[in-house]
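Below, each chain spelled out in residue letters.
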Amino acid sequence: MNGDDTHGEHAAHLADPVGLGAADRLLGAEADGEEQAIEAALRPKDLGEFVGQERVREQLDLVLRAARQRGSTADHVLLSGAPGLGKTTLSMIIAAEMGAPIRITSGPAIQHAGDLAAILSSLTEGEVLFLDEIHRMSRPAEEMLYMAMEDFRVDVIVGKGPGATAIPLELPPFTLVGATTRAGLLPPPLRDRFGFTGHMEFYGAAELERVVHRSARLLDVEIDGEGAAEIAGRSRGTPRIANRLLRRVRDYAQVKADGVITKEIAARALAVYDVDGRGLDRLDRAVLTALLKLFGGGPVGLSTLAVAVGEERETVEEVAEPFLVREGLLARTPRGRVGTAAAWAHLGLTPPQGAGGGAQPGLFDG
């Protein structure tokens with residue numbers, strides 16, 4: 001991890017804002033333990049089933065086919081992108097396509113070089129090691145990983161002080177699949193050791209509709225095209241959120257209707273869960289409402305905005321802002337946060353005459 005220990009701890013905290021309300025959001029892109037179990041049943045099993053990410057899928061298919069034809073293990077793979085876009089699913093598909101077992105762990109779980117050595121030494125030939133949030137691995141473990149990836153060897157230190165001895169341990173060839181939501185935190189020596197790097201993009205509406213239809217079939221839910229489009233349009237470009245909304249709409253249709261998901265049923269169900277037509281939830285609208293109504297569209301400082309909505313600064317910055325910025329509803333400027341013309345229109349508000357932030361939101365963008 002780049003930077004000193006303090007910077008690393010801060011980055012790790014921001015990457016996993018537990019306790020800040022993020023995990024409880026219906027539109028949050030992280031998955032808890034129960035949801036991970038549900039996701040497992042909906043995961044595609046091969047590249048042919050995988051929806052979206054055409055470029056990454058095509059490139060990865062070539063890498064895996066070539067490795068199979070050579071009879072060798074696949075190159076190490078780095079997948080980057082926002083949570084919920086399919087990085088874990090692709091790692092499982094890589095193992096399935098190569099006919100190999102998969103071992104799953106995460107960067108935060110590897111805090112000592114010995115932890116990594118124990119995992120690596122127990123791998124079998126051709127096995128896939130999936131390392132989620134690889135940017136949060138400790139520095140000593142990271143340095144051990146360099147040699148393991150390049151030479152399939154690690155040096156195990158026995159003893160302490162002047163009498164310590166390094167014993168080389170040969171490893172069977174394996175494929176490391178690293179996943180990160182913050183590729184910029186990976187040091188160049190680690191990035192350079194991956195033979196293939198794929199960046200996962202947010203999904204378009206048509207792709208999400210295909211995801212919803214596929215998941216509905218697996219869940220034995222009856223849904224029409226307009227109902228799927230309604231759910232897809234509110235899913236923030238993320239399949240995990242689309243599947244979560246589908247399950248909530250299914251519950252509503254089962255209890256309040258005849259079990260069939262139509263556009264009207266989906267809209268009514270998502271209104272109950274405070275998800276509006278553009279995919280904003282309570283927190284998103286609270287941030288925009290405070291920015292526009294209390295501060296006239298800005299600019300306003302992040303800490304002030306967080307106090308106004310009764311949330312922690314990190315929650316606003318890491319949970320709400322990325323989607324609002326991506327939707328063109330909020331802009332980050334050197335002077336503070338400003339609401340855009342689209343934000344005023346979305347909330348049905350009229351910007352005050354001569355509002356600085358709302359009139360020209362991109363003027364000070366950095």
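Calculation rules
Residues numbered from 1 in each chain as written. Predicted model: local features only at pLDDT ≥ 70, side-chain atom pairs only at ≥ 80, totals over all residues. Heavy atoms only, no water. Salt bridge = Lys/Arg side-chain N within 4 Å of Asp/Glu carboxyl O. Helix = DSSP H or I, 4+ residues; strand = E, 2+ residues; numbered from the N terminus. Buried < 20%, exposed > 50% of the residue type's maximum accessible area, 1.4 Å probe, protein only. Axes fitted to C-alpha atoms, helices over the stretch in contact; angles between N-to-C directions. Parallel < 35°, antiparallel > 145°, perpendicular 65-115°, else oblique. Left-handed = near helix turned anticlockwise from the far one by under 90°. Contact = heavy atoms within 4.5 Å. Nonpolar A, V, L, I, M, F, W, Y, C, P; charged D, E, K, R; others polar. Arc of directions from axis to C-beta. Pairing = 2+ DSSP bridges. Polar contact = N/O pair within 3.5 Å; in protein donor to acceptor, adjacent residues only side chain to side chain. pLDDT = per-residue confidence, 0-100. Core = buried A, V, L, I, M, F, W, Y, C linked by side-chain atoms within 4.5 Å.

Peer 1: Explain the pattern of salt bridges to me, using residue names and the numbers behind them.
Peer 2: In total, this model carries 19 salt bridges according to the counting rule given. The partner of Asp251 in a salt bridge is Arg248, and the shortest N-O contact between them spans 2.8 Å. Of the two residues, Asp251 and Arg248 are both situated in helix 10 (residues 239-256); the distance of 3 residues between them amounts to about one turn of the helix. Taking the relative accessible area as the measure of exposure, Asp251 reaches 24% and is therefore partly exposed. Accessibility expressed as a relative area gives 22% for Arg248, which makes it partly exposed. Among the salt bridges present, the one from Arg337 reaches Glu321, with a minimum N-O distance of 2.6 Å.

Peer 1: Can you lay out the packing of helix 3 (residues 54-70) against helix 4 (residues 87-98) for me, pointing to particular residues and giving the numbers?
Peer 2: The interhelical angle for the contact between helix 3 and helix 4, taken along N-to-C directions, is 30 degrees, at an axis separation of 10 Å. The orientation of helix 3 relative to helix 4 falls into the category roughly parallel. As helix 3 packs across helix 4, the resulting crossing turns out to be right-handed. Along the contact surface, helix 3 presents Val56, Leu60, Leu64, Ala67 and Arg68, while helix 4 presents Leu90, Ile94, Glu97 and Met98. Tallied by class, the residues present in the contact of helix 3 with helix 4 amount to 7 nonpolar, no polar and 2 charged.

Peer 1: I'd like to hear about the environment of Phe174, residue by residue, with values.
Peer 2: When you line up the elements, Phe174 lands in the loop between strand 5 (165-170) and strand 6 (175-180). Between the C-alpha atoms of Phe174 and Ala148, which are 26 residues apart in sequence, the distance is 9.3 Å. Apart from the residues lying within four places of it in its own chain, the contact partners of Phe174 are Thr73, His76, Leu120, Leu123, Gly126, Glu127, Ala148 and Phe152.

Peer 1: Residues and numbers for the environment of Tyr146, please.
Peer 2: Mapped onto the fold, Tyr146 is located in helix 6 (residues 139-151). Discounting chain neighbours no more than four positions away, the residues touching Tyr146 are Pro187, Pro189, Leu190 and Arg193.

Peer 1: Would you mind going over helix 5 (residues 113-121) in detail, with residue names and values included?
Peer 2: Along helix 5, the residues that are buried comprise Leu116, Ala117, Ile119 and Leu120. In a view along the axis of helix 5, the buried residues occupy a sector of 165 degrees, so they form one face of it.

Peer 1: I'd like to hear about the sheet that holds strand 6, residue by residue, with values.
Peer 2: Pairing in this open sheet of 5 strands is parallel, and the strands run 2-3-6-1-7 from one edge to the other. The strands lining the two open edges of the sheet, one partner per strand, are strand 2 (102-106) and strand 7 (196-199). If you compare each strand with its neighbour and ignore which way they point, the axes differ by 15 degrees on average. Examined bridge by bridge, strand 1 (residues 77-80) and strand 7 share 4 bridges and lie parallel to one another. Across the sheet, Leu78 pairs through a bridge with Thr197, a residue of strand 7. Of the strands in this sheet, strand 1 and strand 7 touch helix 3, which is tilted by about 160 degrees from strand 7.

Peer 1: Before we move on, could you go through the packing of helix 8 (residues 205-218) against helix 10 and cite the residues and values that matter?
Peer 2: At their nearest, the axes of helix 8 and helix 10 sit 10 Å apart, and the two run at 45 degrees to each other. As the angle between them shows, helix 8 and helix 10 are arranged oblique. Here helix 8 runs over helix 10; the crossing is right-handed. From helix 8, Leu208, Val211, Val212, Ser215 and Ala216 reach across to helix 10, where they touch Pro239, Ala242, Asn243 and Leu246. The class makeup of the residues in the contact of helix 8 with helix 10 is 7 nonpolar, 2 polar and no charged.

Peer 1: Lay out the side chain of Glu321 in plain terms, naming residues and giving numbers.
Peer 2: With respect to the helices and strands, the residue Glu321 is situated in helix 14 (residues 313-326). Judged by its relative accessible area of 0%, Glu321 is buried. Of note is the side chain of Glu321, whose polar atom sits 2.7 Å from the side chain of Arg332. Residues in contact with Glu321, not counting those within four places in the same chain, are Leu302, Val316, Leu330, Arg332 and Arg337.

Peer 1: Describe the confidence of the model for the protein chain, and please don't skip the residues or the numbers.
Peer 2: For the protein chain, per-residue confidence averages 82 on the pLDDT scale, and residues scoring 70 or more make up 84% of the total. When the criterion is pLDDT under 50, residues 356-366 qualifies, and its contacts beyond four places in sequence or with other chains add up to 21 contacts.

Peer 1: Explain the nonpolar core to me, using residue names and the numbers behind them.
Peer 2: Judged by nonpolar contacts, the single largest core of 46 residues is most densely connected at Leu90, Ile223, Ile231 and Ile261. Broken down by element, the residue count for this core peaks at 7 residues, all from helix 10. Each residue touching Ile231, except ones within four places of it in the same chain, is listed here: Val212, Ile223, Ala242, Leu245, Leu246, Val249, Ile261 and Ala266. Core analysis: the next-biggest nonpolar cluster, separate from the first, contains 24 residues, Leu78, Leu120, Phe174 and Phe194 among them.

Peer 1: With reference to specific residues and values, describe unusual backbone geometry.
Peer 2: In this structure, Gln53 takes a positive phi of about 55 degrees despite not being glycine. Tracing the backbone shows Gln53 in the loop between helix 2 (33-42) and helix 3. For Asp274, which is not a glycine, the phi torsion comes out positive at approximately 60 degrees. Among the structural elements, Asp274 can be located in the loop between helix 11 (263-272) and helix 12 (282-294).

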